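Spelled out from the first residue to the last, the chains are:
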Amino acid sequence: MQSTLNAENGTKSESKIDPLGRTYGTGRRKEAVARVWVKPGSGNITVNGRKAFDYFARSVLQTLVLQPFSIADRIGRYDVICSVRGGGLSGQAGALRHGISKALAEYEPNLHSVLKAAGLLTRDSRAVERKKYGFKKARRSFQFSKR
């Protein structure tokens, strides 16, 4: 375990690195859950055994996944191994972003304040609104007919 001095309150914070040199972070978004391991490397990102850019084909989702590295100025320095379950691709990309941020903050505790200020360590709690009785969808009613 590495220890660094926390600049905010002057306390020592420990980075939780396992014997394989990785840190772990769980990311959640909508119904998706991502289990993420981050270790120093050349920038390879693996999602469910596939390359991240093959798994997330849309460029918007690829940008979302790389956001923690670009904000922390650590692009190409870490390898990411991840397994994602549940939800759709958008929710999975958001969960992966959240998990990478948490794992990065575990590996380098001095990045915690940078990632927190960018809002990457906070879970996005928005979820799909449930369908109500007597409605077509959550808020969409049936077409009103006067006659």
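Note that the coordinates shown come from a computational prediction; the quantities given were computed from them, not determined experimentally.

**A few points about the overall build of the chain**
- A tally of regular secondary structure across the chain gives four helices and seven strands.
- Listing the helices and strands of the chain from first to last along the sequence gives β-β-β-β-β-β-α-α-β-α-α.
- A compact globule built from 147 residues would reach a C-alpha radius of gyration of about 15 Å, whereas the chain, at 19 Å, exceeds it by more than 25%.
- Its C-alpha atoms give the chain principal-axis dimensions of about 75 × 40 × 25 Å.

**Focus on the sheet that holds strand β4 (residues 32-40)**
- If you trace the five strands from one edge of the open sheet to the other, you get β3-β4-β7-β5-β6, paired in mixed fashion. Where the open sheet ends on each side, the last strands, each with one partner, are β3 (23-29) and β6 (50-51).
- Sheet topology places β4 next to strand β7 (residues 78-85); eight bridges connect them, and they run antiparallel. Each residue of the ladder has a partner; that of V33, found in β7, is R85.
- Across the sheet, helix α3 (residues 89-107) touches β3, β4, β5 (45-47) and β7, and the angle it forms with β3 is around 150°.

**Section: unusual backbone geometry**
- Backbone geometry at K30 places phi at a positive 55°, although glycine is not the residue there.
- The topology assignment puts K30 in the loop between β3 and β4.
- You can call K30 partly exposed: its relative accessible area is 39%.
- Positive phi, normally seen in glycine, also occurs at N48, with a value near 50°.
- Among the secondary structure elements, N48 is positioned in the loop between β5 and β6.

**Digging into the packing of aromatic side chains**
- Taken as a whole, this structure holds four aromatic pairs when the rule is applied.
- Their ring planes at 50° and their centres at 5.2 Å tell us that Y24 and W37 sit as a pair that is tilted. With Y24 in strand β3 and W37 in strand β4, the pair connects residues that are 13 residues apart, well separated along the chain.
- The class for Y24 is partly exposed, based on a relative accessible area of 37%.
- Measuring from centroid to centroid gives 6.5 Å for F69 and Y78, while their planes differ by 20°, and the two rings are stacked.
- Site record: aromatic cluster; members linked through ring pairs are F69, Y78 and Y107.

**Here we look at helix α2 (residues 59-72)**
- Relative to the 20 Å expected for 14 residues at 1.5 Å per residue, α2 spans 20 Å between its end C-alpha atoms, a close match to the ideal helical length.
- Turning to α2, its buried residues number three or more, namely L61, Q62, V65, P68, F69 and A72.
- D73 sits one or two residues past α2 and shows a positive phi near 60°.

**Quick word on the nonpolar core**
- If you look at the biggest cluster of nonpolar residues, it comprises 29 residues, and the most contacted ones within it are V36, V47, F56, V80, L96 and I100.
- Of all the elements in the fold, those that place two or more residues in this core are β4, β5, α1 (52-55), α2, β7 and α3.
- Sorting elements by how many residues they give to this core places α3 first, with eight residues.
- Those residues in contact with V80, other than ones at most four positions away along the chain, are V36, W37, V38, N44, I45, T46, F69 and I100.

**Focus: the pairing of β4**
- Two elements, β3 and β4, share seven bridges in a ladder whose sense is antiparallel. Directly across from T23, in β4, lies its bridge partner V38.
- If you look at the hairpin formed by β3 and β4, you'll find two residues sitting between the two strands, and K30 has a positive phi there, around 55°.

Cut-offs and rules
- Every chain is numbered on its own, with residues counted from 1 as its sequence reads.
- With pLDDT at 70 or above as the cut-off, local features in this predicted model cover only qualifying residues; side-chain atom pairs require 80 or more to be listed or tallied, and sums for whole chains, interfaces and linings still use all residues.
- Side-chain numbers come from the whole structure's heavy atoms, not from hydrogens or water.
- By definition, any uninterrupted DSSP run of H or I lasting at least four residues is a helix, any uninterrupted run of E lasting at least two residues is a strand, and each is numbered from the N terminus.
- C-alpha atoms define the radius of gyration, and 2.2 Å times the number of residues to the power 0.38 defines the globule rule.
- A pair of strands is treated as paired once DSSP finds two or more bridges between them.
- Whether two residues are in contact is decided by their heavy atoms, any of which lying within 4.5 Å being enough.
- Axes, fitted as lines to C-alpha atoms, cover a helix only where it is in contact. Angles between the N-to-C directions of the axes lie from 0 to 180 degrees.
- Under the scheme applied here, a residue whose accessible area is under 20% of the maximum for its type counts as buried, over 50% as exposed, and between as partly exposed, the area being computed with a 1.4 Å probe on protein chains only.
- Classification of ring pairs rests on two measures: the distance between centres of Phe, Tyr or Trp rings, Trp counted by its six-membered ring, which must be within 6.5 Å, and the angle between planes, read as stacked under 30 degrees, edge-to-face over 60 and tilted in between.
- Given a helix with a known number of residues, its expected span is that number minus one, times 1.5 Å.
- Definition used in this section: a nonpolar core is a set of buried Ala, Val, Leu, Ile, Met, Phe, Trp, Tyr and Cys residues joined via side-chain atoms within 4.5 Å.

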